[in-house]
Amino acid sequence: MKHAPSIRITTLFIAALFIVVLPVSANQLLKEITSIAEVPNQHTSLNKLRNTAELGSNITAFTAATESILKGYLKQGEYDAFSKEIRYVKQHSLWSSTPELQIIVYIALADEAYRKGDVQLASDIQTTAITLAQNHNFISRMSEVYTRQGIFYRNLGLLDKALEYYERALPYAEQSGDPLQASRITMNKGVIYEGQNKYNEALELYKQALPSIESGNNPILLADILFNITAVYMQLHELDLALTFSQRVLKLDEASGDINNIIYSLNRISSIYLLLGDNGQAQTYLNRSIELADKGKNKQQLAVAFMRKARILMKQGKLDQALEIANKSADNALTIDNPITKNNVIPPLAELYISINQNQKAIELIEMLPGDTISPTYMVRKQKILAKANYNIENYQQAYSHLKILHNTEQARAEEKLKAYRDEMNSELAKFSEQLNVKELELENEKQQSDLEVMQYRQYFGITLALIVFLLFSLLIYSQIKKKQMAQAQARLKEAAIDHKNQMLSDICHELRTPFSVLKLQIEALQYNLEPDTELAHNRLNAKIEQLSHLVSDIDQLSQADSMVLTLNKVKINTHNLLNAIITDNRVLIEKVGLELKLDIQLDETLDVDLDINRIQQVFHNLFSNAIRYTSVPGFIRLKARNDQNNLFIQVDDTSPGVSLEDIEHLFNRLYRVEKSRSRATGGLGLGLSICKSLIELHNGRIIAKQGKSGGLCIQITLPLH
């Protein structure tokens with residue numbers, strides 16, 4: 001006790017000295033807090049720095065340290081420590097007098113609710129943070145609070161509302177001069193387009209944001225945009241590329257230590273392995289995800305992970321275990337206010353109930369979904385399940401009602417794609433017209449310049465006036481003739497473009513109208529019990545729907561090729577291995593119809609070529625399918641291959657019937673079909689060879705058609721080796 005006064009005096013002296021020095025080192029203290037916050041598990045160091053800031057009355061540093069501490073606890077899933085920290089801050093003397101401190105606390109509380117899967121609660125709390133930022137005019141926080149609210153609205157399925165808040169956030173990000181925040185908003189807008197199945201628009205926004213993010217030294221944000229790009233690759237079925245990107249994202253997330261992001265990445269990798277058919281790897285990543293989600297109390301991610309595990313068990317035939325795990329998934333999904341998670345979890349469980357003949361349970365479960373308010377994709381899935389379940393319990397009227405809704409939705413989606421293609425054609429025509437107008441203006445300018453030169457020539461050389469008049473008269477006549485010829489050429493080109501567009505649209509509408517008419521007739525036959533064999537009728541319906549699906553898919557692929565967004569995943573492969581794979585894939589189909597497959601392959605044993613295997617296999621599948629469809633039995637189909645130093649030459653030819661020279665000129669035109677010996681009755685939409693041509697040219701190759709020596713059609717392909 002005797003030494004207490006001296007200790008107190010010493011402490012006061014040191015504190016006073018620190019306060020004197022503080023203004024000089026305040027910025028350094030803030031930099032140190034920012035630097036330490038980037039390293040995981042630095043709560044103790046941040047607390048010490050916060051105490052230093054408090055001692056020096058440095059409110060900015062105190063607030064920054066508090067924000068970093070709260071974020072750190074959330075990243076690690078330490079919710080008890082997080083709640084204790086929240087109580088400490090609210091009881092602190094700075095709480096009532098520091099609005100920015102209140103804003104970061106409410107942002108953190110909203111983040112906690114979001115990580116636990118309660119998106120509606122997160123949105124409600126975020127509204128309080130927005131109100132505080134608006135009332136106190138915190139410009140530096142406005143972009144952040146609006147962006148976060150946009151993310152919450154997006155997860156609630158309110159996409160228009162989400163886009164509105166992103167648009168609100170963007171001017172503040174630009175005003176603050178923070179390119180990373182602006183790129184983050186652009187990326188989140190891309191996620192909305194992705195949710196609307198507008199993958200090309202989403203990819204464009206990601207590409208727009210990526211350079212700034214890559215140069216911004218922010219690994220968390222870089223992981224976010226790569227995660228979103230991976231989702232687009234999955235939708236485009238580029239699974240190997242998606243897996244490579246996802247594993248890179250996982251490494252970035254593990255380095256940052258954010259448990260929630262690690263869970264997302266583990267689930268994404270698991271789903272890719274599931275699509276690739278590697279159930280073992282899928283289950284390994286799922287188990288890690290479930291363990292972390294359970295630790296972090298993240299019911300949303302638990303629901304997703306449990307459902308993926310149930311799918312694996314279903315593939316293994318373990319229905320009882322699958323049902324148990326799927327019910328766990330549903331239990332977690334139904335306790336949180338997240339419509340997207342429910343729409344991803346409940347339908348698979350309903351389908352599982354249908355598979356074990358518990359159709360009424362499936363109906364009750366699927367009726368709980370708001371699928372029609374989220375996305376047409378969810379509504380289609382919901383109506384399919386309801387139609388199947390009602391049909392199984394012989395409630396045919398209700399099943400028909402759901403099939404009708406499904407039919408109308410699919411028709412609307414097909415018409416929407418057709419409208420998009422029509423708009424694209426109109427846009428191209430408008431560009432062409434604009435180019436014609438520019439050319440006409442250039443000709444007019446040339447004429448004016450010519451007149452001016454003639455006037456100057458007349459002024460300086462009056463003695464040659466007669467000659468100039470003669471030349472000018474000749475020039476005017478020539479100009480008029482040329483102008484008339486140009487106008488006629490322009491009119492012919494414009495008319496040809498319009499005719500081509502109208503013919504394309506007419507053909508596509510015809511292709512859509514015919515199966516829709518058949519579907520309508522067959523559904524009416526079922527409705528009025530005019531079809532004695534309902535199973536056969538259902539098979540016909542399914543076949544027509546498949547035909548429509550193939551048509552829309554082909555049109556979409558050609559549209560991607562025209563828009564220059566169709567990408568290749570090139571790998572180096574031995575040409576013998578490539579051709580063996582193609583032969584294996586098609587030999588059974590050829591021999592099944594009674595045709596003979598002849599091989600004439602003379603290639604270097606070590607010859608390799610760089611190409612996209614899936615795209616090339618699609619090309620040869622189309623070629624062999626055409627040959628099988630149009631070659632008479634008995635007959636043969638021949639695959640011939642040669643190479644030189646620079647090129648690989650592959651030929652597919654067949655026996656009669658053949659194709660006339662007139663028809664060969666149009667074989668690669670879209671929707672063109674030979675109406676003579678190769679009959680329309682054999683099927684086909686006239687898009688297969690167009691797709692082949694697009695894919696080969698994308699490989700910098702060349703494809704031509706000519707009459708075969710064996711009486712049929714001969715297709716020759718040239719691919720560069722380098």
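Since the structure is predicted, the reported quantities are computational estimates derived from the model, not experimental observations. Within every chain, residues take consecutive numbers counted from 1 along the sequence as written. Only residues with pLDDT of 70 or above have their local features reported here, since the model is predicted, and side-chain atom pairs are shown and tallied only from 80 upward, although totals for entire chains, interfaces and linings are computed over all residues. Each side-chain value is derived from all of the structure's non-hydrogen atoms; neither hydrogens nor water enter the calculation.

## Some thoughts on the overall build of the protein
Then, number 1: Tallying secondary structure elements over the protein gives 26 helices and seven strands in all.
Then, number 2: By residue count, 45% of the 722 residues in the protein fall in the buried class.
Then, number 3: Contact criterion: two residues are considered in contact whenever any of their non-hydrogen atoms come within 4.5 Å of each other. Long-range pairs, those at least 24 residues apart, make up 64% of the contacts in the protein between residues at least 6 apart in sequence.
Then, number 4: Per element, the accessible surface of the protein, about 38,000 Å² overall, is 53% carbon and sulfur. Comment: elements are numbered from the N terminus, with helices defined as DSSP H or I runs of at least four residues and strands as E runs of at least two. Each residue is placed in one exposure class: buried if its accessible area under a 1.4 Å probe, protein chains only, is under 20% of its type's maximum, exposed if it is over 50%, and partly exposed if it falls in between. Surface exposure here means Shrake-Rupley accessible area, sampled with a 1.4 Å probe, where a residue is shielded only by the protein chains that are shown.

## With respect to helix H5 (residues 99-115)
Then, number 1: Under the convention used throughout, the expected extent of a helix is 1.5 Å for every residue step, that is, one less than its residue count. With 17 residues, H5 extends 24 Å between its outermost C-alpha atoms, agreeing within 8% with the 24 Å of an ideal straight helix rising 1.5 Å per residue.
Then, number 2: Positioned one or two residues after H5, glycine 117 has a phi angle of 95°, which is positive.

## Regarding the pairing of strand S3 (residues 608-611)
Looking along a regular strand, one sees the side chains alternate between the two faces of the sheet.
Then, number 1: The two faces of S3 differ: Val609 and Leu611 on one face are buried, but Asp608 and Asp610 on the other face are not.
Then, number 2: Two strands make a pair as long as DSSP finds a minimum of two bridges between them. Both strand S1 (residues 571-574) and S3 contribute to a ladder of four bridges, which runs antiparallel. Looking at S3, one finds that isoleucine 573 is bridged to valine 609.

## Brief notes about a nonpolar patch on the surface
Then, number 1: Residues enter patches when their relative accessible area tops 30% and they take part in no salt bridge; the joining distance is 9 Å for like charges and 5 Å for the nonpolar side chains Val, Leu, Ile, Met, Phe, Trp and Tyr. The salt bridge definition used is simple: a Lys or Arg side-chain nitrogen within 4 Å of an Asp or Glu carboxyl oxygen. Residues Met314, Leu319 and Ile356 make up a contiguous nonpolar surface patch of about 200 Å² in total accessible area.
Then, number 2: In this structure, isoleucine 356 sits in the loop between helix H17 (339-355) and helix H18 (359-366).

## Thoughts on the pattern of salt bridges
Then, number 1: Scanning the entire structure with this criterion turns up 18 salt bridges.
Then, number 2: Residue arginine 168 pairs with glutamate 164 through a salt bridge whose shortest N-O separation is 2.8 Å. Of this pair, arginine 168 and glutamate 164 are both found in helix H8 (residues 159-176), four residues apart, which corresponds to roughly one turn of the helix.
Then, number 3: The class of arginine 168 is partly exposed, set by a relative accessible area of 34%.
Then, number 4: You can call glutamate 164 partly exposed: its relative accessible area is 31%.
Then, number 5: Connected through salt bridges with shared partners, the residues Glu67, Lys71, Glu100, Arg141, Glu144 and Arg148 form a single ionic network.

## A few points about the pairing of strand S7 (residues 711-720)
Then, number 1: The element S7 is extensively covered by neighbouring structure, given that seven of its ten residues are classed as buried.
Then, number 2: For strand S5 (residues 647-655) and S7, the ladder comprises eight bridges, and the chain directions are antiparallel. Following the sheet pairing, asparagine 647 is matched in S7 by proline 720.
Then, number 3: Alignment of strand S6 (residues 702-707) against S7, held across six bridges, turns out to be antiparallel. Along S7, the bridge assignment pairs glutamine 707 with leucine 713.
Then, number 4: Between S6 and S7, which pair antiparallel in sequence order, lie three residues.

## Observations concerning the packing of aromatic side chains
Then, number 1: Pairing of aromatic rings covers Phe, Tyr and Trp, the last through its six-membered ring, and needs centres within 6.5 Å; plane angles under 30 degrees mean stacked, over 60 mean edge-to-face, and all others mean tilted. Inspection of the entire model under this criterion finds nine aromatic pairs.
Then, number 2: Here the aromatic rings of tyrosine 114 and phenylalanine 152 are separated by 5.3 Å at their centres, their planes lie at 50°, and the arrangement is tilted. A residue pair is termed long-range when its members are at least 10 positions apart, and tyrosine 114 in helix H5 and phenylalanine 152 in helix H7 (residues 139-155) qualify at 38 residues. Each of the two residues, tyrosine 114 as well as phenylalanine 152, counts as buried.
Then, number 3: Seen from their ring centres, tyrosine 233 and phenylalanine 245 are 5.6 Å apart, and the 40° between their planes marks the pair as tilted. You can see tyrosine 233 sitting in helix H11 (residues 219-235) and its partner phenylalanine 245 sitting in helix H12 (residues 239-256), a full twelve residues away along the chain.
Then, number 4: For tyrosine 233, a relative accessible area of 16% gives the class buried.
Then, number 5: Put simply, the rings of Tyr146, Tyr153, Tyr165 and Tyr172 touch in pairs and so form one group of aromatic residues.

## Here we look at the sheet that holds S7
Pairing between the strands of a sheet is mediated by backbone hydrogen bonds and can be parallel or antiparallel.
Then, number 1: What the five strands build is an open sheet, ordered S2-S4-S5-S7-S6; its pairing is mixed. Since the sheet does not close on itself, it has two edges, and those belong to strand S2 (596-601) and S6, each with one partner. Going across the sheet, the axis of each strand differs from the next one's by a mean of 15°, ignoring polarity.
Then, number 2: Taken together, the six bridges between S2 and strand S4 (residues 636-643) define a ladder with parallel strand orientation. In the strand pairing of S4, aspartate 600 is matched with lysine 640.
Then, number 3: The angle between two axes is taken between their N-to-C directions and runs from 0 to 180 degrees, where each axis is a line fitted to C-alpha atoms and a helix contributes only its stretch in contact. Sitting on the sheet, helix H23 (residues 575-592) is in contact with S2, S4 and S5, with an inclination near 170° to S2.

## Brief notes about unusual backbone geometry
Then, number 1: Following valine 633, the chain continues into proline 634 via a peptide bond in cis, with omega recorded as 0°.
Then, number 2: Looking along the chain, the bond that leaves serine 656 and enters proline 657 is cis, with omega of 5°.
Then, number 3: For proline 657, the position within the fold is in the loop between S5 and helix H25 (661-664).
Then, number 4: Backbone geometry places glutamate 394, a non-glycine residue, at a positive phi of 65°.
Then, number 5: Along the chain, glutamate 394 falls in the loop between helix H19 (376-392) and helix H20 (396-460).
Then, number 6: The backbone phi angle of asparagine 700 is positive, close to 65°, even though this residue is not glycine.
Then, number 7: As for its placement among the helices and strands, asparagine 700 is situated in the loop between helix H26 (688-698) and S6.
Then, number 8: The exposure class assigned to asparagine 700 is exposed, which follows from its relative accessible area of 61%.

## A closer look at the packing of H5 against H7
Then, number 1: Relative to each other, H5 and H7 sit at 20°, their axes nearing to 12 Å. Judged by the inter-axis angle, H5 sits roughly parallel to H7. Judged by the twist between their axes, the crossing of H5 over H7 is left-handed. Across from Glu100, Ile103, Ile104, Ile107, Ala110, Asp111 and Tyr114 in H5, the residues of H7 making contact are Arg141, Glu144, Val145, Arg148, Ile151, Phe152 and Asn155. Roughly parallel means an angle under 35 degrees; roughly antiparallel means over 145; roughly perpendicular covers 65 to 115; every other angle is labelled oblique. A clockwise turn of the near helix away from the far one marks a right-handed crossing, whereas an anticlockwise turn of less than a right angle marks a left-handed crossing.

## Description of the nonpolar core
Then, number 1: Only buried residues count toward a nonpolar core. Its members are Ala, Val, Leu, Ile, Met, Phe, Trp, Tyr and Cys residues joined through side-chain atoms within 4.5 Å. With 67 residues, the main nonpolar core has Tyr206, Ile213, Leu222, Ile225, Ile346, Leu349 and Ile366 as its most contacted residues.
Then, number 2: Element by element, the count of residues in this core is highest for H11, at ten residues.
Then, number 3: Counting residues in each nonpolar core, the second largest holds 53 residues, with Leu29, Ile104, Ile130 and Ile185 among its members.

This is a description of form; function is not addressed.
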